[in-house]
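What follows is each chain in one-letter form.
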Amino acid sequence: MELFTPDFGLIFWMFLSFAVLFFILWKFAWPAITKMIDQRAELIDKGVEYAQQARQDLDQAQAKAEEVMQEARRQQADILREADRVKTQIIEEARGEARQAAAKELDQAKLQIDQARKEAEQNIRDEVSAFALNIAQKVVRNQMSDTKAQTQLVDSLLDEIEKKN
Amino acid sequence: MKRLTLIALLLISTLVSMSFPAAASTKGEDHGGEEKIDPKEIIFEHLGDRYGWEVPFCHHKSIPLPIIVFGSDGLHIFSSARVEHGKEYVDGGKIFRIAAEGDFKGKIVEIVDGEETRPFDISITKNVFALILTVIVVCLVLLPLRCYYRRKGYKAPRRWLGAVEALTAFIYDGVIKSTLKDKASKFAPYLLTVFYFIFVMNLMGLMVVFPGGANLTGNIAVTLVLAILTFLVTNIFGTKHYWKEIFWPDVPLWLKFPLPIMPIIEIFGVFTKPAALTVRLFANMMGGHMIVIVLTLLIFIFAQMGMAVAGGTAVISTMFSIFMLLIDVLVSFIQAYVFTMLSTIFISLAQENPHKEHGAAEAKH
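Residues numbered from 1 in each chain as written. Chains lettered and ligands numbered in written order. Predicted model: local features only at pLDDT ≥ 70, side-chain atom pairs only at ≥ 80, totals over all residues. Heavy atoms only, no water.

Kindly report on unusual backbone geometry, identifying the contributing residues and their values.
Residues and elements named next belong to chain B. For arginine 159, which is not a glycine, the phi torsion comes out positive at approximately 50°. Note that arginine 159 resides in helix H4 (residues 159-180). The phi torsion at lysine 181 lies on the positive side, around 50°, for a residue other than glycine. When you line up the elements, lysine 181 lands in the loop between H4 and helix H5 (184-206). (Helix = DSSP H or I, 4+ residues; strand = E, 2+ residues; numbered from the N terminus.)

Here you go:
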């Protein structure tokens, strides 16, 4: 059977052509191709890992941002409350101080008014006594011009002294 | 859509059925009168090797190929056209012709003293030429991929190159890497070359006309060489543990000491592996070719029984042979895949190290 007996020529050429093909592919094709397949597989694996990591990071970052926002909101509220408190305090203080200052002014004014009044009273008294003396002088001068009146006065004065004794 | 395809198929097969009996009858006339078709002759002519490559639709012309022989007085190179149709060719006083019958039927012989002797023959026959074409095609398929990587780097190729890459990755990742693990890069070039070589040879064999049609992987010489290469790779790179398992396997002493039963079986196994590889690929591919040829021949055999029978046979046969050819496309891939896979397994079994004994035992079952 010709089919089952290998022909030498074909075996020879088969070896030769396989050797040539193997050499060409081994030298030029396979290292590049297998390296690329391996590298790409690795790249894809890394990419997937990276994406997962990135998503995790993103989730974490979002959570963190949320936290920071909450914190900020809390602080804002705190600050507002504090500001309110300080505001009332300042107003309170200012009011107190104003009241004190007003009281002081009032006291001083009172003091001055008192003094002024005393001075005025003194003045008035002096003036009034001067007037009175003046008037008395004038009156005495008028009444003592007539001798009858003068004797009458001496009599009355003597009477008075008698009565007392 | 499916119905349309079916109608088209039927139409084509009817047309073919009309033309084939006519062709058959003209063929008969050429040879003068009622010549019986010898199916066995035709089948073996198509399955076997020959000098020159037949041209489609013209049985008597063929593309001449160089004949290279070492005759009784040295090297002779001449065109196969000179010895076509039983002609004798005289080259440097030596007479050559293609033997018409006898032990060397269909082969080139030298006439020495009226006797036919077989010279040392390394002619570029149809099969050898197909081999060279296969080498070129494989290079044309794979080298552009490398150029692409050099130009584009990590970018994944599209279309044709993408398909080639996907196929390569399928074999490399799915078969070679998963079996050989860290030793994959050492054996991948050989195994991938084997895969592409067989796959392209198989597919080229399915093409009916010129650049294809050679029954290469259905030729035992081709599969034998491939199996021998796997055998060599397996045993040359085999580990110490592999050889120990062959000559002194881990079995009860009585199985190996006075009478070395197990070593004999193991050594037998070393040689049956490549034999199985050879026969599996050879038989599968030759079977596929043979079925298609037989189905086609049925038309000519039935053509002698009248037009109606011939027509009916032609339709059925054509449809069957189209079906078989489609299956052969599948078989082409499967056989290339199986050959590569088995080669990988044989190589990996010879790469076992002692601590992997359990795994080796499992792989053998």
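So what about the sheet that holds strand E7 (residues 108-112) of chain B? Which residues, and what values?
Residue and element names in this part refer to chain B. Sheet architecture is open: 4 strands sit in the order E5-E6-E7-E8, paired in antiparallel fashion. A strand with exactly one partner marks an edge of an open sheet, and here the two such strands are strand E5 (89-91) and strand E8 (115-117). Strand-to-strand twist across the sheet, computed as the mean angle between neighbouring axes with direction ignored, equals 40°. As defined by bridge partners, E5 adjoins strand E6 (residues 94-98) across 3 bridges and the pair is classed as antiparallel. In the sheet register, valine 90 faces E6, and the bridge partner there is isoleucine 95. (Pairing = 2+ DSSP bridges. Axes fitted to C-alpha atoms, helices over the stretch in contact; angles between N-to-C directions.)

I'd like a description of the interface of chain A and chain B, backed by residues and values.
Taken residue by residue, the interface counts 34 residues in chain A and 54 residues in chain B. Buried surface at the junction of chain A and chain B, both sides included, amounts to about 4000 Å², of which 81% is carbon and sulfur. Linking chain A with chain B are 8 residue pairs in polar contact (both at pLDDT 80 or more). By residue class, the composition of the side of chain A that touches chain B is 25 nonpolar, 5 polar and 4 charged. (Contact = heavy atoms within 4.5 Å. Buried area = accessible area lost by both parts, 1.4 Å probe. Polar contact = N/O pair within 3.5 Å; in protein donor to acceptor, adjacent residues only side chain to side chain. Nonpolar A, V, L, I, M, F, W, Y, C, P; charged D, E, K, R; others polar.)

Explain the pairing of strand E3 (residues 66-71) of chain B to me, using residue names and the numbers behind them.
All names here are of chain B. Looking at chain direction, E3 and strand E4 (residues 74-79) are connected through 6 bridges and run antiparallel. Note on E4: the bridge partner recorded for proline 66 is serine 79. Where E3 hands over to E4, the hairpin turn is made up of 2 residues, counted between the paired strands. Where E3 lies against strand E9 (residues 120-121), 2 bridges are found, and the strand directions are antiparallel. Pairing of phenylalanine 70 across the sheet is with phenylalanine 120, part of E9.

An account of the pairing of E6(B) is requested, with residue identities and associated values reported.
On a regular strand, one side chain projects to one face of the sheet and the next to the other, so that they alternate. Residue and element names in this part refer to chain B. Between E5 and E6, which pair antiparallel in sequence order, lie 2 residues; one of them, glycine 92, sits at a positive phi of approximately 60°. Pairing geometry for E6 and E7, over 4 bridges, is antiparallel. Residue phenylalanine 96 lies in a different strand from E7, and its bridge partner there is glutamate 110.

Can you lay out the domain arrangement of chain B for me, pointing to particular residues and giving the numbers?
Put simply, an interface is often sized by how much accessible area is lost when its parts join up. Domain boundaries in chain B define domain 1 (66-123) and domain 2 (127-364). Each of domain 1 of chain B and domain 2 of chain B has a C-alpha centre, and these two points are 34 Å apart. (Domains from an automatic or database assignment.)

Describe the environment of Gly213(B), naming the residues involved and giving the relevant values.
Residues and elements named next belong to chain B. Tracing the sequence through the fold places glycine 213 in the loop between H5 and helix H6 (220-236). Here the alpha-carbon distance between glycine 213 and lysine 240, two residues 27 residues apart in the chain, equals 44 Å. In this structure glycine 213 touches Lys126, Met204, Gly205, Met207 and Val208, once residues within four positions along its chain are discounted.

Describe empty space enclosed by the protein, naming the residues involved and giving the relevant values.
Throughout the structure, instances matching the rule amount to 4 cavities of 30 Å³ or more. Here the largest cavity is characterised by a volume of approximately 60 Å³. Ala227(B), Thr230(B), Phe231(B), Thr234(B), Asn235(B), Tyr242(B), Val270(B), Lys273(B), Pro274(B), Leu277(B) and Phe346(B) are the residues that line the largest cavity. Of all elements in the fold, only H6 and helix H8 (261-303) of chain B reach the threshold of two or more residues within the lining of the largest cavity. Among the residues making up the lining of the largest cavity, the classes are represented as 7 nonpolar, 3 polar and 1 charged. Lining the second largest cavity are Asp7(A), Asp49(B), Arg50(B), Tyr51(B), Gly106(B), Lys107(B), Asp121(B) and Thr125(B). Of the residues contributing to the lining of the second largest cavity, the split by class is 1 nonpolar, 2 polar and 5 charged. (1 Å grid on protein atoms, 1.4 Å probe; cavity = no way out; pocket = protein on both sides within 12 Å on 5 of 7 lines; lining within 4 Å. Points joined across faces, edges and corners; volume = space filled by probe spheres on them.)

Any details on the sheet that holds E4(B)? Residues and values, ideally.
With antiparallel pairing, 3 strands are arranged side by side in an open sheet as E4-E3-E9 (chain B). The sheet is open, and its two edges are formed by E4 and E9 of chain B, each paired on a single side.

Mind laying out a nonpolar patch on the surface, listing which residues take part and the relevant values?
On the surface, a cluster of nonpolar side chains totalling about 700 Å² of accessible area is made up of Phe8(A), Phe12(A), Leu16(A), Val20(A), Phe70(B), Leu75(B), Ile77(B) and Phe120(B). Counting only elements with at least two residues in the nonpolar patch, the list comes to helix H1 (8-143) of chain A together with E4 of chain B. Considering every element that reaches the nonpolar patch, the biggest residue donor is H1(A), with 4 residues. Summarising the element assignment, Leu75(B) is placed in strand E4. (Patch = residues over 30% accessible without salt bridge, like charges linked within 9 Å, V, L, I, M, F, W, Y side chains within 5 Å. Areas by Shrake-Rupley, 256 points an atom, 1.4 Å probe, with all protein chains shown as cover. Salt bridge = Lys/Arg side-chain N within 4 Å of Asp/Glu carboxyl O.)

Kindly report on the side chain of Asp121(B), identifying the contributing residues and their values.
Mapped onto the fold, Asp121(B) is located in strand E9. Among the polar contacts made by the side chain of Asp121(B), one reaches the side chain of Ser123(B) at a distance of 2.4 Å.

For helix H2 (residues 39-47) of chain B, give the residues involved together with the corresponding values.
Since the α-helix advances by 3.6 residues per turn, residues separated by three or four positions end up pointing in the same direction. When H2(B) is considered as a whole, its buried residues turn out to be Ile42(B), Ile43(B) and Leu47(B). Relative to the axis of H2(B), the buried residues are bounded by an arc of 125° and lie together on one face. (Buried < 20%, exposed > 50% of the residue type's maximum accessible area, 1.4 Å probe, protein only. Arc of directions from axis to C-beta.)

Now, about the packing of aromatic side chains: what can you tell me, with residues and values included?
All told, the structure shown has 17 aromatic pairs over all chains when counted by the stated rule. Through successive ring pairs, a cluster of aromatic residues spans Trp30(A), Phe170(B), Phe195(B), Tyr196(B), Phe199(B), Phe333(B) and Tyr337(B). (Phe/Tyr/Trp six-rings, centres within 6.5 Å; stacked < 30°, edge-to-face > 60°.)

Tell me about the nonpolar core, and name the residues and values.
Grouped together as the largest cluster of nonpolar side chains are 70 residues, with contacts concentrated most on Leu142(B), Ile176(B), Tyr196(B), Phe197(B) and Leu226(B). When residues of this core are traced back to their parent elements, those giving at least two are H1 of chain A together with helix H3 (126-152), H4, H5, H6, H8 and helix H9 (307-349) of chain B. It is H5(B) that provides the largest number of residues to this core, a total of 15 residues. Those residues in contact with Phe197(B), other than ones at most four positions away along the chain, are Met14(A), Ser17(A), Phe18(A), Leu21(A), Leu131(B), Thr134(B), Val135(B), Val138(B) and Leu226(B). Counting residues in each nonpolar core, the second largest holds 10 residues, with Ile42(B), Ile220(B), Met286(B) and Ile293(B) among its members. (Core = buried A, V, L, I, M, F, W, Y, C linked by side-chain atoms within 4.5 Å.)

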